[in-house]
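# Per-entry structural report
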Amino acid sequence: TDDGVIRGRSLVLQNKQGETVIYAGADIDGDGQLRVSSKTGTKLIGVGAATDGTGFLFEGYNKTGEGVVQLAVDDYGNGVVGAYNRKGKGRTLESR
């Protein structure tokens, strides 16, 4: 565009094999989200607004797509950190 800004509803980047490796756009609630995937399409990172309206949500996944790390905000605006094994068992650290 003339002002140097590219506008659109989403940005999708694909590798040579046609797999989406980066998606940036709005979720179904209209909040921004970013997803980063491996070259085979496995989701590795998810970032966006928490669906409960408390703030942000950052999720990290292992190479098989299981959630292993989560950073979020609790109902009181405090930070929450979660670390889990590939079976979903782990610990959550909440600020005091």
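Description of the structure in this document. Remember, predicted model here, so these are calculated numbers, not experimental data.

Moving on, we come to the overall build of the protein. Each helix and strand in the protein was counted, giving 0 helices and 8 strands. Taken from N to C terminus, the helices and strands of the protein fall in the order β-β-β-β-β-β-β-β. For the protein, the C-alpha radius of gyration of 16 Å lies well beyond 12 Å, the compact-globule estimate for 96 residues. Principal-axis analysis of the C-alpha atoms gives the protein an extent of 50 × 30 × 20 Å. Counting all 96 residues of the protein, 21% fall into the buried class. Put simply, of all contacts in the protein between residues at least 6 apart along the chain, 1% involve residues at least 24 apart. In the form shown here, the protein has an accessible surface area of approximately 7300 Å², with 53% of it arising from carbon and sulfur atoms. When the 12 basic and 12 acidic side-chain charges of the protein are each reduced to a single mean position, those positions are 13 Å apart.

Before going further, it helps to examine the environment of Gly-41. Among the secondary structure elements, Gly-41 is positioned in the loop between β3 (32–37) and β4 (43–49). Separated by 35 residues in the primary sequence, Gly-41 and Ile-6 place their C-alpha atoms 26 Å from one another.

Turning our attention to the pattern of salt bridges. Scanning the model with the defined rule gives 1 salt bridge in all. A salt bridge links Asp-3 to Arg-7; its shortest N-O distance comes to 3.2 Å. Relative accessible area serves as the criterion here: at 47%, Asp-3 is assigned to the partly exposed category.

On the surface, Phe-56, Val-69, Leu-71, Val-81 and Leu-93 cluster together to form a nonpolar patch covering roughly 400 Å² of accessible area. Within the element layout of this structure, Val-69 appears in strand β6 (residues 67–73). Judged by relative accessible area, Val-69 falls into the partly exposed class, the value being 36%.

What follows concerns the layout of surface pockets. Here the largest pocket defines a volume of roughly 190 Å³. Taken together, 15 residues make up the lining of the largest pocket; nearest its centre are Gln-33, Gly-48, Ala-49, Leu-57 and Glu-59. Those elements that provide at least two residues to the lining of the largest pocket are β3, β4 and β5 (56–61). Per element, the largest residue contribution to the lining of the largest pocket is 5 residues, and it comes from β4.

Attention now goes to the side chain of Asn-15. Tracing the backbone shows Asn-15 in the loop between β1 (10–14) and β2 (20–26). A polar atom in the side chain of Asn-15 sits 3.0 Å from the backbone oxygen of Lys-39.

Cut-off values and rules
- Residues numbered from 1 in each chain as written.
- Predicted model: local features only at pLDDT ≥ 70, side-chain atom pairs only at ≥ 80, totals over all residues.
- Heavy atoms only, no water.
- Helix = DSSP H or I, 4+ residues; strand = E, 2+ residues; numbered from the N terminus.
- Rg over C-alpha atoms; globule rule 2.2 N^0.38 Å.
- Buried < 20%, exposed > 50% of the residue type's maximum accessible area, 1.4 Å probe, protein only.
- Contact = heavy atoms within 4.5 Å.
- Areas by Shrake-Rupley, 256 points an atom, 1.4 Å probe, with all protein chains shown as cover.
- Lys, Arg positive; Asp, Glu negative; His and termini not counted.
- Charge placed at Lys NZ, Arg CZ, Asp CG, Glu CD.
- Salt bridge = Lys/Arg side-chain N within 4 Å of Asp/Glu carboxyl O.
- Patch = residues over 30% accessible without salt bridge, like charges linked within 9 Å, V, L, I, M, F, W, Y side chains within 5 Å.
- 1 Å grid on protein atoms, 1.4 Å probe; cavity = no way out; pocket = protein on both sides within 12 Å on 5 of 7 lines; lining within 4 Å.
- Points joined across faces, edges and corners; volume = space filled by probe spheres on them.
- Polar contact = N/O pair within 3.5 Å; in protein donor to acceptor, adjacent residues only side chain to side chain.

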